[in-house]
Amino acid sequence: GAGVSQSPSNKVTEKGKDVELRCDPISGHTALYWYRQSLGQGLEFLIYFQGNSAPDKSGLPSDRFSAERTGGSVSTLTIQRTQQEDSAVYLCASSLQGGDTEAFFGQGTRLTVV
Amino acid sequence: AQSVTQLDSQVPVFEEAPVELRCNYSSSVSVYLFWYVQYPNQGLQLLLKYLSGSTLVKGINGFEAEFNKSQTSFHLRKPSVHISDTAEYFCAVRYSSASKIIFGSGTRLSIRP
């Protein structure tokens, strides 16, 4: 596709349920990032995939959060046993390899835990 | 620790006035610096980036930023703002070619007519 695609665009879930958020990066981009944007807050780094290297998971807030990237392309962010504080917009971005490359962002998934 | 600081959470300015949005990062030998903009109800897009070379970087919509290594700053400026510049602006840094991009907490720019 032309840009980073995220699905669903909106998700309402009950507290305690598991959710999966999907990200389709730009074709050919080897780097993929997940961020969380809460109301009035900046972008909180969650996880970073770069090619075949081990992902940087240093931003995952708890062991309820996990992410995988299959075949170096599509990525899924999973939140288990959701809590109300998990409510936020989850943003995915992708980029080419290299420090000078910009990240291209998707429109995000707005997660609401009720 | 690697970090980016945007001291101003909100900056109100009058239309056609100049503006400066401040950004400081934790010191490092080499960095890649970015400014992103998020217009209301839209996704993030790149405004400009500093990689190396000239310390003054020009971006889209008349914005520019100056890299100051001694002060570890990358402030964003525009000589005359327009209503359409109303948005949230994020400073970001990458500390090496194979590392994540770290974002600041953002600065909300509001333009008064």
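The coordinates are above.
In what follows, the accompanying structure is described.

With that settled, consider the pairing of strand β12 (residues 107-112) of chain B. All names here are of chain B. Of the two faces of β12, the one lined by T107, L109 and I111 is fully buried and the one lined by R108, S110 and R112 carries no buried residue. The pairing of strand β2 (residues 10-14) with β12 spans five bridges and is classified as parallel. Paired with P12 across the strands is S110, a residue of β12. Sheet topology note: the strand β10 (residues 87-94)/β12 ladder contains three bridges and is antiparallel. Among the inter-strand pairings, Y89 is bridged to a residue of β12, identified as T107.

Counting from both sides, the interface comprises 21 residues of chain B and, opposite them, 20 residues of chain A. For the pair chain B and chain A, the two sides together bury roughly 1,600 Å², of which 53% comes from carbon and sulfur. On the chain B side of the interface with chain A, the three residues burying the most area are L44, K100 and F103 of chain B, jointly 32% of the side's total. Scanning the region where chain B abuts chain A turns up one salt bridge. For the salt bridge of K100 of chain B with D56 of chain A, the shortest nitrogen-to-oxygen distance reads 3.5 Å.

The rolling of a water-molecule-sized probe over the atoms marks out the regions of remaining empty space. If you add up the space inside the largest pocket, you get close to 640 Å³. In terms of lining, the largest pocket is formed by 28 residues, of which the most central are Q37, V89 and R110 of chain A together with Q38 and N41 of chain B. Counting residues per element, the lining of the largest pocket draws most heavily on strand β10 (residues 109-113) of chain A, at four residues. Of the residues in the lining of the largest pocket, the class split is nine nonpolar, 16 polar and three charged.

Turning next to the pattern of salt bridges. For the coordinates displayed, the defined rule picks out ten salt bridges over all chains. What you see here is one network of salt bridges that share partners, running through E20, E66 and R77 of chain B.

All names here are of chain A. Ordered in space as β1-β3-β7-β6, the four strands form an open sheet in which the pairing is antiparallel. Single-partner strands in this sheet number two, and they are β1 (5-7) and β6 (65-69). Put simply, the sheet's adjacent strands are angled 15° from each other on average, direction ignored. Of the strand pairs in this sheet, β1 and strand β3 (residues 19-24) are connected by three bridges, and their pairing is antiparallel.

Definitions and cut-offs
- Residues numbered from 1 in each chain as written.
- Chains lettered and ligands numbered in written order.
- Predicted model: local features only at pLDDT ≥ 70, side-chain atom pairs only at ≥ 80, totals over all residues.
- Heavy atoms only, no water.
- Buried < 20%, exposed > 50% of the residue type's maximum accessible area, 1.4 Å probe, protein only.
- Helix = DSSP H or I, 4+ residues; strand = E, 2+ residues; numbered from the N terminus.
- Pairing = 2+ DSSP bridges.
- Contact = heavy atoms within 4.5 Å.
- Buried area = accessible area lost by both parts, 1.4 Å probe.
- Salt bridge = Lys/Arg side-chain N within 4 Å of Asp/Glu carboxyl O.
- 1 Å grid on protein atoms, 1.4 Å probe; cavity = no way out; pocket = protein on both sides within 12 Å on 5 of 7 lines; lining within 4 Å.
- Points joined across faces, edges and corners; volume = space filled by probe spheres on them.
- Nonpolar A, V, L, I, M, F, W, Y, C, P; charged D, E, K, R; others polar.
- Axes fitted to C-alpha atoms, helices over the stretch in contact; angles between N-to-C directions.

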